[in-house]
Amino acid sequence: MRIHHLNCISACALGGHWMDGCTPSLMQRAPLCCHCLLVETPTGLVLVDTGYGLRDVREPRRRLSPFFLWLMDPDLREEMTAVRQIRRLGFDTADVRDIVLTHLDFDHAGGLDDFPRARVHLLAREHDAALAQRGWLDRQRYRPQQWTQRQHWHTYAPSHGGGWFGFDCVRELEGVPHDILLVPLAGHTLGHAGVAVRSQHGWLLQAGDAYFHHREMDAERPWCPPGLRAYQTMMEKDRPARLGNQARLRALAQGHAGEEVRVICAHDNREFEQLAGRSLSSLP
């Protein structure tokens, strides 16, 4: 299977250097990618996360939280949405048969309405938490305005499934090739998951927001810029689970030395540019 790497609208995070470790000033905003995967399979296209969607670009104040618009100030350009990039690659949007979600945060699920016929796969606990809207933060991060159609959603209990490189309850997905798996990685949200994809180069695990910076996967001295570390703490729903899963991902990344399994996250610019072979703002 062939994997395309899409940056589906970068955030421009408040805090500059404290958020990415390389922006020169704290007064500048730091670009943070939204790394989605488009997978060519024998049965059609599979999209892993959607990033922001067309309606987010056109109606941001109706669709998105004022708090996160201020904090993250996404670079809302129509050409960077998944639906536009997929067409640029020469595909029809109807070719997207399935969408697999790491979680339902506003910057990962905003494009769902751009693919109304696609089946959507996610963990049941994420679905339930997003609908429950318990507390102020959940009402900011989960935006039902972004997913107005749910008739094609498939949810999966996190207590079922098999093993995969030391992870338990890993799920194959209904109607999706067996080379795409849903890997529970609770912590950032209660139903957060990674998505593992096997290509000719081995396994690629898109770990979503289980971590945010590539140096968090360092074996001996894991590190994250302080602002980004604070953001992760603010957004976490289960701290012991989040930190435990980071440790497991670190062991997985180091144990296979990037050969059999490569671990990536959704918002690290270096990881995106290495895999995509282009800058954040460039189109495929």
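Everything here concerns the structure above.
This one's a predicted model, so the numbers in the text were calculated from it and none came from an experiment. (Residues numbered from 1 in each chain as written. Predicted model: local features only at pLDDT ≥ 70, side-chain atom pairs only at ≥ 80, totals over all residues. Heavy atoms only, no water.)

Chemist: Residues and numbers for the sheet that holds strand 9 (residues 162–164), please.
Modeler: Strand order in the open sheet made by the 6 strands is 9-10-11-12-13-14, with mixed pairing throughout. Among the strands making up the open sheet, the edge pair consists of strand 9 and strand 14 (261–264). Adjacent strand axes in the sheet meet at a mean angle of 35° when their direction is disregarded. Judged from the 4 bridges that link them, strand 13 (residues 202–206) and strand 14 form a sheet pairing that is parallel. (Pairing = 2+ DSSP bridges. Helix = DSSP H or I, 4+ residues; strand = E, 2+ residues; numbered from the N terminus. Axes fitted to C-alpha atoms, helices over the stretch in contact; angles between N-to-C directions.)

Chemist: Lay out empty space enclosed by the protein in plain terms, naming residues and giving numbers.
Modeler: Across all of its chains, the model carries 3 cavities of 30 Å³ or more by this definition. Of the volumes computed, that of the largest cavity is approximately 110 Å³. In terms of lining, the largest cavity is formed by 14 residues, of which the most central are Ala-11, Met-72, Asp-107, Tyr-231 and His-267. Tallied by class, the residues present in the lining of the largest cavity amount to 9 nonpolar, 2 polar and 3 charged. If you add up the space inside the second largest cavity, you get close to 80 Å³. Among the residues making up the lining of the second largest cavity, the classes are represented as 6 nonpolar, 3 polar and 2 charged. (1 Å grid on protein atoms, 1.4 Å probe; cavity = no way out; pocket = protein on both sides within 12 Å on 5 of 7 lines; lining within 4 Å. Points joined across faces, edges and corners; volume = space filled by probe spheres on them. Nonpolar A, V, L, I, M, F, W, Y, C, P; charged D, E, K, R; others polar.)

Chemist: With reference to specific residues and values, describe the side chain of Glu-126.
Modeler: Along the chain, the position of Glu-126 falls in helix 7 (residues 124–132). The buried charged residue Glu-126 lacks any salt bridge, with Arg-141 as its nearest oppositely charged partner at 6.3 Å. Ignoring sequence-local partners within four residues, the contact set of Glu-126 consists of His-103, Leu-104, Tyr-142, Thr-189, Leu-190, Gly-191 and His-192. (Buried < 20%, exposed > 50% of the residue type's maximum accessible area, 1.4 Å probe, protein only. Lys, Arg positive; Asp, Glu negative; His and termini not counted. Salt bridge = Lys/Arg side-chain N within 4 Å of Asp/Glu carboxyl O. Contact = heavy atoms within 4.5 Å.)

Chemist: An account of the pairing of strand 12 (residues 193–199) is requested, with residue identities and associated values reported.
Modeler: Most of strand 12 sits out of view: 6 of its 7 residues are buried. Of the pairings in the sheet, the one linking strand 11 (residues 180–184) to strand 12 comprises 5 bridges and is antiparallel in character. Pairing of Ile-180 across the sheet is with Val-197, part of strand 12. Joining the antiparallel neighbours strand 12 and strand 13 is a turn of 2 residues.

Chemist: So what about the packing of aromatic side chains? Which residues, and what values?
Modeler: One pass over the full model with this rule turns up 10 aromatic pairs. Centroid distance Tyr-52 to Phe-106: 6.2 Å. Interplanar angle 55°. Geometry classified as tilted. Note that Tyr-52 is positioned in the loop between strand 5 (44–48) and helix 2 (54–58) and Phe-106 in helix 6 (residues 106–109), a separation of 54 residues in sequence. Judged on exposure class, the residue Tyr-52 and its partner Phe-106 are both buried. Across from the ring centre of Tyr-142, 5.8 Å away, lies the NZ or CZ of Arg-141, which sits over that ring. (Phe/Tyr/Trp six-rings, centres within 6.5 Å; stacked < 30°, edge-to-face > 60°. Lys NZ or Arg CZ within 6 Å of the ring centre and 35° of its normal.)

Chemist: Break down the environment of Gly-227 for me, citing the residues and quoting the values.
Modeler: Note on placement: Gly-227 falls in helix 9 (residues 226–235). Since its relative accessible area comes to 15%, Gly-227 is described here as buried. If we skip the residues at most four places from it in the chain, Gly-227 touches Trp-18 and Met-19.

Chemist: Explain the nonpolar core to me, using residue names and the numbers behind them.
Modeler: In this structure, Leu-47, Ile-99, Leu-104, Leu-112 and Phe-115 are the most contacted members of the largest nonpolar core, which totals 26 residues. Contributions of two or more residues to this core are made by strand 4 (35–41), strand 5, helix 5 (82–88), strand 6 (96–100), strand 7 (119–123) and helix 7. Per-element tally for this core: the top contributor is helix 5, with 3 residues. (Core = buried A, V, L, I, M, F, W, Y, C linked by side-chain atoms within 4.5 Å.)

Chemist: Got a sec to walk through unusual backbone geometry? Specific residues and values, please.
Modeler: Phi angles above zero are rare outside glycine, and Asp-49 is one such case at about 65°. The phi dihedral of Asp-73 falls on the positive side, at around 40°, and the residue is not glycine. When you line up the elements, Asp-73 lands in the loop between helix 4 (66–72) and helix 5.

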